[in-house]
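Here is how the chains run, residue by residue.
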Amino acid sequence: MAAPLGDWTRTHTCGELRTGDLGASATLLGWVHRVRDLGGVVFIDIRDRAGISQVVVRDDEALLGEAKRLRPEFVVGVRGLVERRSPETVNSKLATGEVEVLAAEIRLLNEARTPPFQIAEDASVSEDVRLRYRYLDLRRPRLQANIGLRHRVAFAVRRFFDEHGFWEIETPILTKSTPEGARDYLVPSRVHPGEFYALPQSPQIFKQILMIAGTDRYFQITRCFRDEDLRADRQPEFTQVDVEVSFASEEVIYAVIEPLMQRVFREIGRDVSLPFRRMPYAEALAKYGSDKPDLRCGLEIVDLSGIFKDSEFRVFKQIVAEGGVIRGFAVPGANRYTGSQVKALVDQAKQIGFSGLIWVRPGEPPVSSVKALDEGTLRGALAGSGASADDLLLMAGGPGEHISRLLGQLRLVIAKREQLLNPDQFSFLWVTDFPLLEWNGDEQRWFSMHHPFTSPADADVELLEREPGAVRAKAYDLVLNGSELGGGSIRIHDAQLQARLFRRLGISDEEARARFGFFLEALEYGTPPHGGIALGLDRMVALLAGESSIREVMAFPKTANAVDLMSGAPSAVDAKQLRELHLRAHK
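Residues numbered from 1 in each chain as written. Predicted model: local features only at pLDDT ≥ 70, side-chain atom pairs only at ≥ 80, totals over all residues. Heavy atoms only, no water.

1. Focus on the sheet that holds strand β3 (residues 51-58)
Strand order in this closed barrel of five strands is β1-β2-β3-β5-β4, and the pairing throughout is mixed. Averaged over all adjacent pairs, the angle separating strand axes in this sheet is 55°, with direction ignored. Inspection of the sheet shows β3 paired to strand β5 (residues 99-110) by two bridges, in the parallel sense. Considered in β5, the bridge of Val56 is made with Leu102. The strands touched by helix α1 (residues 61-68) are β1 (25-37), β2 (41-48), β3 and β5; relative to β5, the strand with the most contacts, the crossing angle is about 65°. (Pairing = 2+ DSSP bridges. Helix = DSSP H or I, 4+ residues; strand = E, 2+ residues; numbered from the N terminus. Axes fitted to C-alpha atoms, helices over the stretch in contact; angles between N-to-C directions. Contact = heavy atoms within 4.5 Å.)

Okay, here's the thing in structure tokens:
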């Protein structure tokens with residue numbers, strides 16, 4: 001039977017005891033991590049979120065009897081004296097490993113059923129089981145370390161913004177549906193039958209209104225919701241660090257966020273060098289095949305079109321003549337690849353989507369997979385790519401962006417295979433000058449690449465109606481090691497320009513007033529130039545923790561199918577609730 005806690009109070013956490021505490025009386029409260037019964041001596045590892053302490057029970061038959069009944073995950077209290085461990089039992093893997101507590105009293109506070117997986121071992125367990133028993137999964141030291149890191153990062157963010165004159169302001173969770181992009185989660189109103197609130201996809205409009213209201217500098221660590229088709233690293237609800245600044249240029253935003261990243265990375269003991277590299281969107285696509293390139297591995301894509309303009313290889317010559325490109329990159333040291341290894345690489349390229357991948361081995365003479373290429377052309381391609389004698393050149397031809405994106409995927413496959421992605425290296429990058437708009441062939445209209453409140457570049461405003469695809473945005477993404485940490489922009493602060501953009505997006509004046517009327521009206525009351533950014537807190541902490549999935553740094557994530565396996569959400573609701581909301585359920 002479980003004993004009451006009574007007047008027992010923790011004197012030390014289970015990760016706190018050191019040799020400086022020798023001889024002290026200690027009261028530990030926590031979970032049984034392991035029990036080792038050696039007959040006349042029992043060792044008990046007691047765990048809480050701070051760590052693990054070893055307790056030893058000996059020379060007391062009654063106490064030994066109590067200790068032998070303990071099982072992993074029982075909740076216990078232990079009182080005793082702190083002793084030094086004998087040299088042969090010191091555990092260098094534990095911060096408390098030089099000491100132990102000689103138990104004088106054990107209090108069983110609660111028993112536990114046998115868990116469906118071992119808490120003490122970081123063994124592989126299916127994610128569905130882990131999420132079904134998330135309260136047990138969260139006891140595991142790795143998960144507790146991740147959640148603790150998340151807390152420290154959030155606290156560091158708040159301290160930083162407070163020191164720099166920002167106010168943290170909460171924006172509404174129940175708001176108006178303004179569909180543009182991902183689908184909204186809708187909440188029916190009981191008191192307004194047939195009408196709905198929406199959960200915010202972001203606080204975008206409200207933070208802009210705060211700039212109109214004279215707040216000047218705003219931030220918020222906020223929950224956002226998107227009812228979108230899920231991918232492995234997406235969640236229907238997520239957390240972002242939301243920022244907005246009045247009288248801001250792109251450089252003002254960079255000057256805020258870069259030192260913030262310095263502060264955050266100190267939480268894992270890493271220094272971050274400033275300033276971060278900047279790269280236009282077009283250059284990122286051309287050189288790395290991605291708008292969020294991983295710069296750690298090199299493997300820069302180069303344009304070799306000029307070398308093949310008058311080539312005897314008709315396929316490449318025709319591609320260039322028709323406005324396409326020939327691009328490629330050199331793989332360091334890959335001239336050592338055997339014929340079967342090169343063939344496997346070509347086969348993998350076909351799986352990615354290449355219709356053909358050309359390889360060139362440096363040598364005397366150089367050798368290529370295409371016999372029609374003469375020695376002079378091969379030497380020119382090798383020189384143009386910067387390939388050394390130990391490298392292997394890979395090339396492909398076709399439409400520029402398409403070929404770069406395929407090569408971008410291939411370079412990451414090779415980088416992982418060759419272990420070129422150093423996990424201890426952090427390469428930050430600002431990707432800038434995005435296109436303002438992108439064409440949707442299915443709907444035959446233009447869409448905002450970011451969102452419809454993003455300002456066009458000053459020099460491109462006149463192109464908005466006659467050449468919309470050429471308009472650049474005052475938008476920027478913060479990229480780290482191939483992951484987008486956040487995106488932002490300078491906003492439109494002129495009501496007439498905002499109306500022009502809505503019309504360019506196929507949103508009529510009447511529809512714009514219906515969806516955004518309160519915001520358009522607010523713009524007419526003296527709106528300062530402003531801009532901001534939203535940083536993904538989940539993704540940021542996952543990178544800091546070295547985790548590949550954001551679910552590993554969220555306390556209660558959902559599955560890839562948007563299901564909470566622990567609570568059983570989503571679920572059916574009572575018919576009375578539906579009637580009160582004037583709803584009817586259909587399957």
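2. Section: the packing of aromatic side chains
Tallied over the full model, the rule gives 19 aromatic pairs. Plain terms: the ring middles of Phe276 and Phe428 are 4.3 Å apart, the flat faces sit at 5° to each other, and that makes the pair stacked. Of the two residues, Phe276 is situated in the loop between α6 (250-265) and β11 (277-280) and Phe428 in strand β17 (residues 428-432); the sequence distance between them amounts to 152 residues. Phe428 matches Phe276 in its accessibility class, with the two residues each being buried. An aromatic cluster of three or more residues is present, and its members are Phe160, Phe161, Phe166 and Phe219. One Lys or Arg, Arg445, reaches over the ring of Phe447 and ends 3.8 Å from the middle of that ring. (Phe/Tyr/Trp six-rings, centres within 6.5 Å; stacked < 30°, edge-to-face > 60°. Buried < 20%, exposed > 50% of the residue type's maximum accessible area, 1.4 Å probe, protein only. Lys NZ or Arg CZ within 6 Å of the ring centre and 35° of its normal.)

3. What about helix α15 (residues 537-545)?
An α-helical turn contains 3.6 residues, so a residue and the one three or four places further along point in the same direction. Where α15 is concerned, the buried positions are Leu537, Asp538, Met540, Val541, Ala542 and Leu544. Tucked into the core, α15 has its buried residues touching α4 (141-163), β9 (217-225), β10 (237-246), α6, β21 (483-490) and β22 (530-536). With its phi angle positive at about 75°, Gly546 sits one or two positions after the end of α15.

4. Digging into the packing of helix α10 (residues 339-352) against helix α12 (residues 400-417)
Taken N-terminus to C-terminus, the directions of α10 and α12 make an angle of 135°; their axes are 10 Å apart at the nearest point. It follows from the interaxial angle that α10 and α12 lie oblique. The two elements α10 and α12 meet at a crossing, and its hand is right-handed. Of α12, the residues touching α10 (which contributes Leu345, Gln348, Ala349 and Ile352) are Leu406, Gln409, Leu410, Val413, Ile414 and Arg417. (Parallel < 35°, antiparallel > 145°, perpendicular 65-115°, else oblique. Left-handed = near helix turned anticlockwise from the far one by under 90°.)

5. Regarding the pattern of salt bridges
Side chains bearing opposite charge may pair, as long as their charged atoms lie close to each other. What the rule picks out here adds up to 45 salt bridges. Between Arg130 and Asp137 there is a salt bridge, with the nearest N and O atoms lying 3.0 Å from each other. According to the relative accessible area criterion, Asp137 is buried, its value standing at 0%. Here Arg150 makes a salt bridge to Asp538, at a shortest N to O gap of 2.9 Å. Taken as a pair, Arg150 in helix α4 and Asp538 in helix α15 lie far apart in primary sequence, 388 residues in all. Asp538 matches Arg150 in its accessibility class, with the two residues each being buried. Within this structure, Arg130, Arg134, Asp137, Arg140, Arg142, Glu547 and Glu552 form a network of salt bridges that share partners. (Salt bridge = Lys/Arg side-chain N within 4 Å of Asp/Glu carboxyl O.)

6. Thoughts on the packing of α4 against α6
For the pair α4 and α6, interaxial distance at closest approach is 10 Å and the crossing angle is 140°. Taken as axis vectors, α4 and α6 run oblique relative to one another. Considering the relative orientation of α4 and α6, their crossing is right-handed. Side by side, α4 and α6 meet where Val153, Ala156, Val157, Arg159, Phe160, Phe161 and Glu163 of the first sit next to Val256, Pro259, Leu260, Arg263 and Val264 of the second. A per-class count over the contact of α4 with α6 returns nine nonpolar, no polar and three charged. (Nonpolar A, V, L, I, M, F, W, Y, C, P; charged D, E, K, R; others polar.)

7. So, a nonpolar patch on the surface
Together, Ile173, Leu174 and Tyr197 make up an exposed nonpolar region whose accessible area comes to about 250 Å². The class of Leu174 is partly exposed, set by a relative accessible area of 44%. (Patch = residues over 30% accessible without salt bridge, like charges linked within 9 Å, V, L, I, M, F, W, Y side chains within 5 Å. Areas by Shrake-Rupley, 256 points an atom, 1.4 Å probe, with all protein chains shown as cover.)

8. Focus on the nonpolar core
If you look at the biggest cluster of nonpolar residues, it comprises 40 residues, and the most contacted ones within it are Phe161, Ile257 and Met261. Not counting chain neighbours up to four residues away, the residues in contact with Phe161 comprise Phe166, Phe219, Val241, Val243, Val256 and Leu260. Membership of the second largest hydrophobic core comes to 35 residues, among which are Leu497, Phe502, Ile507 and Leu520. (Core = buried A, V, L, I, M, F, W, Y, C linked by side-chain atoms within 4.5 Å.)

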